[in-house]
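Summary of the model geometry
Each chain is listed here by its residues.
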Amino acid sequence: MKKIIITTIAVAIILCLGIATLVMALIPVGMNDKVAVPDEIYIYTSQTNSLANKRIELRHRDGETDINKINKIYNLFDSAFQQNALSALFSGELKYTTTSDHTEVSKSISKNFSSEDKITLVFYFKNERTVEYENQEYKYKYLFFEITNENSRHDVVMGLNKSIPSDESDYPVENMSYYYSYKSKANFADLYKYVSQIITID
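Everything numeric here is computed off the predicted structure, so don't read it as measured data.

1. Some details on the sheet that holds strand β8 (residues 154–161)
With antiparallel pairing, seven strands are arranged side by side in an open sheet as β3-β2-β6-β7-β8-β9-β5. Of all strands in the sheet, those with a lone pairing partner are β3 (56–59) and β5 (99–110), marking the two edges. Averaged over all adjacent pairs, the angle separating strand axes in this sheet is 35°, with direction ignored. Looking at chain direction, strand β2 (residues 40–44) and β3 are connected through four bridges and run antiparallel.

2. Considering the pattern of salt bridges
Note on pairing: side chains with opposite charge can pair once their charged atoms come close. Here the structure, examined in full by the defined rule, presents seven salt bridges. If you follow the salt bridges from partner to partner, you end up with E40, R55, E57, R59, K111 and D167 in one network.

3. Regarding the layout of surface pockets
Its volume calculated, the largest pocket comes out at about 210 Å³. As for the largest pocket, its lining consists of 13 residues, of which I109, E146, D155, V156 and V157 are closest to the centre. Taken together, the elements giving at least two residues each to the lining of the largest pocket come down to β5, β7 (136–147) and β8. Of the residues that constitute the lining of the largest pocket, the class distribution is six nonpolar, four polar and three charged.

4. What to know about the pairing of β8
A large share of β8 lies buried, amounting to six of its eight residues. Looking at chain direction, β7 and β8 are connected through three bridges and run antiparallel. By the bridge assignment for β8, L143 is matched with L160. Where β7 folds back onto β8 in an antiparallel hairpin, the turn is made up of six residues. Relative to strand β9 (residues 175–186), β8 runs antiparallel, the two sharing seven bridges. By the bridge assignment for β9, H154 is matched with A186.

5. A word on unusual backbone geometry
A positive phi angle, near 70°, is found at K54, a position not held by glycine. With respect to the helices and strands, the residue K54 is situated in the loop between β2 and β3.

6. As for the side chain of T48
With respect to the secondary-structure elements, T48 resides in the loop between β2 and β3. Here T48 is in contact with I43, K54, R55 and I56, once residues within four sequence places are set aside.

7. Regarding the packing of aromatic side chains
As enumerated under the stated definition, the model contains 14 aromatic pairs in all. Aromatic pair F81 and F188: ring centres 5.9 Å apart, planes at 90°, arrangement edge-to-face. Here the residue F81 occupies a position in the loop between α2 (64–80) and β4 (83–84), and F188 occupies one in the loop between β9 and α4 (189–201), the gap between them amounting to 107 residues. In textbook terms, an aromatic cluster arises when at least three aromatic residues are bridged by ring pairs, as seen for Y74, F77, F81, F123, F145 and F188. The ring of Y42 carries the charged tip of R55 above its face, separated from the ring centre by 3.8 Å. The ring of F125 carries the charged tip of R129 above its face, separated from the ring centre by 5.9 Å.

8. Focus: the confidence of the model for the chain
Mean pLDDT over the chain stands at 81; residues scoring 70 or higher make up 75%. Across residues 16–29, where pLDDT falls below 50, the model places 20 contacts with residues more than four positions away in sequence or in other chains. Every residue in residues 84–90 is under pLDDT 50, and counting partners more than four places away or in other chains gives 18 contacts.

Criteria and cut-off values
- Residues numbered from 1 in each chain as written.
- Predicted model: local features only at pLDDT ≥ 70, side-chain atom pairs only at ≥ 80, totals over all residues.
- Heavy atoms only, no water.
- Pairing = 2+ DSSP bridges.
- Helix = DSSP H or I, 4+ residues; strand = E, 2+ residues; numbered from the N terminus.
- Axes fitted to C-alpha atoms, helices over the stretch in contact; angles between N-to-C directions.
- Salt bridge = Lys/Arg side-chain N within 4 Å of Asp/Glu carboxyl O.
- 1 Å grid on protein atoms, 1.4 Å probe; cavity = no way out; pocket = protein on both sides within 12 Å on 5 of 7 lines; lining within 4 Å.
- Points joined across faces, edges and corners; volume = space filled by probe spheres on them.
- Nonpolar A, V, L, I, M, F, W, Y, C, P; charged D, E, K, R; others polar.
- Buried < 20%, exposed > 50% of the residue type's maximum accessible area, 1.4 Å probe, protein only.
- Contact = heavy atoms within 4.5 Å.
- Phe/Tyr/Trp six-rings, centres within 6.5 Å; stacked < 30°, edge-to-face > 60°.
- Lys NZ or Arg CZ within 6 Å of the ring centre and 35° of its normal.
- pLDDT = per-residue confidence, 0-100.

Here it is, written out as structure tokens:
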């Protein structure tokens, strides 16, 4: 009788562990809760350097094609931060979230005019967005970051600013500066592939 009870308990524990593992493998964590859908998206890389305005521009008001591209880019951006709870548990990232940061010395992100394996994306918001850092608020209209084809989660910095340098000059400024930023971990490989297709088509 003891053996039957012990066996039953052992089977029940194994079943519970199996169910818990399955559930954790299905639950997504690390959701993007900071960045909203942008009104416009600018794409920079070596292939856009030859364009008149040095970038590809996607705008909500420019028809269904651009709207679909903006939504697709945003959805891929959004999902890049996610992983299943089981993976997050084993990597120690179960409670990892996107955080805000501030630096006293200006930092910058390149527009990658001379890079063939990096793409810089700029999200533009018509209405100012707010980032909070240590009980202080900062307004921004531009969020910018680099993406690569690296198929793994890695540290990501997204610069924030009220403006970015103009691209209308014959010698446009190649870097976008920031004091405030968002920091997180993400895998932008799928986003990179999709944006690369847009660059090739355009």
